[in-house]
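# Working through the structure, step by step
Below are the chains, spelled out letter by letter.
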Amino acid sequence: MLRTHFNLIEIPDSDVETRLSPHIRASISGVACNTRIDRQFIDALPNLEIIASYGVGYDSVDATYAHSRNIVVTNTPDVLNEEVADLTIGLLISVVREIPKAQAYLREGKWKVSNYPLTRLTLRNRTVGMYGMGRIGRSIARRIEAFGLPVAYHSRRPAEGVSYNYFPSLLELASAVDVLISIVPGGPATANSVNAEILSALGPEGVFINAGRGTVVDEDALISALRTGTIAAAGLDVFADEPNVPVEMLELDNLTLLPHIASASESTRTAMADLVAQNVISWFQNGAPITPVTSVPERSNQPLEPFSSASGKHRHDGANQRVDNR
C-alpha cells in the first residue's frame, strides 16, 4: 500500500545513521516502524513529519521528544482489541485448568494408564481485577462478565461509562481479587508496578495474567512468588526483554508462557499494517492522521517525499514488520 504512494526505503532496524547517507536521511519525511525509535533516530532525520508505529502500544517510540520536534506519532488501536481479549481469556483458562499440561499428558500416552489429575484451580467463585481499563481492558472485562464473574479495576483514573468497582491503587485492587490481569502500557509510570507486595496481596489462590507489557512486572518477584506459593499460578504473553525469557521461568510448572502472540492472527496483523499505511497516507494527503497519539501539528503543503520503513521481520506491503507488538 505504501509503495504505491511513496518512494519506499526499507531498512531492517533503526540504525539509520549507519545504513543511510545524510542525503537520503534528509529526504525522508515519514517512518513506518515496529522497532525502537529514540531521540537519536529522530535527530538523524531532520525533515521527519510522522512516525507510524505498528501496534497499540507505542512505548518503544519517544513520543514526547517527537512531539517537541512537531512530529506526529500514530499507533494502531481498536483493530486488535478483540483478538487480544480473546487470547487473554484463553490464557487465563489455560492457566487455571492446566490445558497445556493436560495436552502433554495425553500426547505422552499417560491417559491410557490413568485419568489426568483433577485441577486444583477453577474460575468459579473468583473475582477478576483488571489492571488497566482502556479499549482492550474493556473488551476483556466484557468476556469476564460472560463467565459470570465480578470485575473490578485500577487505572490512573476512573473510566467513563464503566460500572465496575474502581480501586484507586493497584495494591487495593490486588487485595480485593484473586485474578489479576495486567493490560496497561509499558513505560516509567508502570515499570515493575506488579511487584512482590502486589503479588503477596493477590494471595495463595491468586492467578496473575499479563498480556500488556513485560516491563510492568518485577520478573524476579514473580518467579519467587510462584516458587514459594505466594500466588498459585500465572500466565504471560509478554516479557521484559523479549524474546529472552528467564531460564527460571521455563522451569516453573505453574507458569504458562506464550511468545507474545495476543494479536498474532493473519487477519488482525493485516488490519494493523493497513492502519499504519492509512495513517501515513492520510497525513500526507489530508494533513491529518487517523489515529494520532500526540497532538497533531499543521502540515505545510509540500510534495511527497521518500518514505522509510524500519523494523525487523515479516514482510507486509513493502514494509518489514516485526510481529511482537499489540
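Computed from a predicted model, the values in this text were never measured in an experiment.

## Side note on the overall build of the protein
Per the secondary structure count, the protein includes twelve helices and 14 strands. Counting all 326 residues of the protein, 52% fall into the buried class. Within the protein, contacts between residues at least 6 apart in sequence are counted, and of these 63% link residues at least 24 apart. Of the roughly 15200 Å² that the protein leaves accessible, carbon and sulfur atoms contribute 50%.

## Quick notes on the pattern of salt bridges
Enumeration over the complete set of coordinates arrives at twelve salt bridges. Across the pair aspartate 59 and arginine 213 runs a salt bridge, and its minimum N-O distance is 3.1 Å. Of this pair, aspartate 59 sits in the loop between strand 3 (50-53) and helix 4 (63-68) while arginine 213 is found in the loop between strand 9 (207-210) and helix 10 (219-228), placing the two residues 154 residues apart along the sequence. Since its relative accessible area comes to 10%, arginine 213 is described here as buried. The salt bridge involving glutamate 205 is made with arginine 120; its shortest N-O contact spans 2.9 Å. Here glutamate 205, found in the loop between helix 9 (196-202) and strand 9, pairs with arginine 120, found in the loop between helix 6 (99-107) and strand 5 (128-131); they are 85 residues apart in sequence, far enough to count as distant. On the accessibility criterion, arginine 120 (53% relative accessible area) is exposed. Linked through salt bridges whose partners overlap, the residues forming this network are Glu82, Asp86, Arg142 and Arg143.

## Considering the nonpolar core
Core analysis: the biggest nonpolar cluster contains 49 residues, and Leu92, Met130, Met133, Ile140, Ile144, Ile181 and Val207 have the highest contact counts within it. Elements represented by at least two residues in this core include exactly strand 3, helix 5 (81-97), strand 5, helix 7 (135-146), strand 6 (151-154), strand 8 (179-182), strand 9 and helix 12 (266-286). The residues touching methionine 130, leaving out its near neighbours within four places in the chain, are Gly137, Ile140, Val151, Ala152, Tyr153, His154, Leu173, Ile181 and Ile183.

## Notes on the sheet that holds strand 8
Across the sheet, seven strands lie side by side as 7-6-5-8-9-10-11; this open sheet has parallel pairing. With one partner strand each, in any of the chains shown, strand 7 (165-166) and strand 11 (255-257) form the two edges of the open sheet. Strand direction decides the pairing type here: strand 5 and strand 6, joined by four bridges, are parallel. Residue pairing in the sheet places glycine 129 in a bridge with alanine 152 of strand 6. Lying over the sheet, helix 5 contacts strand 8, strand 9, strand 10 (233-236) and strand 11, oriented at roughly 150° with respect to strand 9.

## Looking at the confidence of the model for the protein
For any part of a model where pLDDT is low, the fine detail of the predicted coordinates should not be relied upon. Scored by pLDDT, the protein comes out at a mean of 91, with 90% of its residues at no less than 70. By mean pLDDT, strand 13 (residues 315-316) is the weakest element of the protein at 32, and strand 9 is the strongest at 99. Contacts from residues 311-326, a stretch scored under 50 in pLDDT, to residues over four places away or in other chains number 74 contacts.

## Description of the environment of serine 267
Position of serine 267 relative to the elements: it lies in helix 12. Taking the relative accessible area as the measure of exposure, serine 267 reaches 55% and is therefore exposed.

## With respect to the layout of surface pockets
In this structure, the second largest pocket spans a volume of roughly 330 Å³. Together, 19 residues line the second largest pocket, and Lys101, Asp253, Asn254, Leu255 and Thr256 are the ones closest to its centre. At the level of elements, helix 5, helix 6, strand 10, helix 11 (247-250) and strand 11 are the ones that each hand at least two residues to the lining of the second largest pocket. Among the residues forming the lining of the second largest pocket, the class breakdown is twelve nonpolar, three polar and four charged.

## Overview of empty space enclosed by the protein
Evaluation of the coordinates by the stated rule reveals two cavities of 30 Å³ or more. Looking at the lining of the second largest cavity residue by residue, the classes come out as seven nonpolar, two polar and one charged.

## Here's the deal with helix 10
An α-helical segment advances 3.6 residues per turn. Residues three or four places apart therefore align on the same side. Glu219, Ala221, Leu222, Ile223, Ala225 and Leu226 are the residues of helix 10 that are buried. Taken together, the buried residues of helix 10 touch helix 9, strand 9, strand 10, helix 11 and strand 11. Put simply, aspartate 218 is the residue that caps the front of helix 10, since its side-chain oxygen is 3.2 Å from the backbone nitrogen of aspartate 220. Positive backbone phi, at 80°, marks glycine 229, one or two positions downstream of helix 10.

## Here's the deal with the packing of aromatic side chains
Tallying each qualifying case throughout the model produces three aromatic pairs. Aromatic pair phenylalanine 6 and phenylalanine 284: ring centres 5.5 Å apart, planes at 65°, arrangement edge-to-face. Linking phenylalanine 6 in the segment before strand 1 (8-11) with phenylalanine 284 in helix 12, this pair joins segments that are 278 residues apart in sequence.

## Regarding the packing of helix 5 against helix 7
The interhelical angle for the contact between helix 5 and helix 7, taken along N-to-C directions, is 50°, at an axis separation of 8 Å. Classified by the angle between their axes, helix 5 and helix 7 sit oblique to one another. Note that helix 5 runs across helix 7; the crossing there is right-handed. Within the contact between the two elements, helix 5 uses Asn81, Glu82, Val84, Ala85, Asp86, Thr88, Ile89 and Leu92 and helix 7 uses Arg135, Ile136, Ser139, Ile140, Arg142, Arg143 and Ile144. Residues of the contact of helix 5 with helix 7, tallied by class, amount to seven nonpolar, three polar and five charged.

Rules used in this analysis
- Residues numbered from 1 in each chain as written.
- Predicted model: local features only at pLDDT ≥ 70, side-chain atom pairs only at ≥ 80, totals over all residues.
- Heavy atoms only, no water.
- Helix = DSSP H or I, 4+ residues; strand = E, 2+ residues; numbered from the N terminus.
- Buried < 20%, exposed > 50% of the residue type's maximum accessible area, 1.4 Å probe, protein only.
- Contact = heavy atoms within 4.5 Å.
- Areas by Shrake-Rupley, 256 points an atom, 1.4 Å probe, with all protein chains shown as cover.
- Salt bridge = Lys/Arg side-chain N within 4 Å of Asp/Glu carboxyl O.
- Core = buried A, V, L, I, M, F, W, Y, C linked by side-chain atoms within 4.5 Å.
- Pairing = 2+ DSSP bridges.
- Axes fitted to C-alpha atoms, helices over the stretch in contact; angles between N-to-C directions.
- pLDDT = per-residue confidence, 0-100.
- 1 Å grid on protein atoms, 1.4 Å probe; cavity = no way out; pocket = protein on both sides within 12 Å on 5 of 7 lines; lining within 4 Å.
- Points joined across faces, edges and corners; volume = space filled by probe spheres on them.
- Nonpolar A, V, L, I, M, F, W, Y, C, P; charged D, E, K, R; others polar.
- Polar contact = N/O pair within 3.5 Å; in protein donor to acceptor, adjacent residues only side chain to side chain.
- Phe/Tyr/Trp six-rings, centres within 6.5 Å; stacked < 30°, edge-to-face > 60°.
- Parallel < 35°, antiparallel > 145°, perpendicular 65-115°, else oblique.
- Left-handed = near helix turned anticlockwise from the far one by under 90°.

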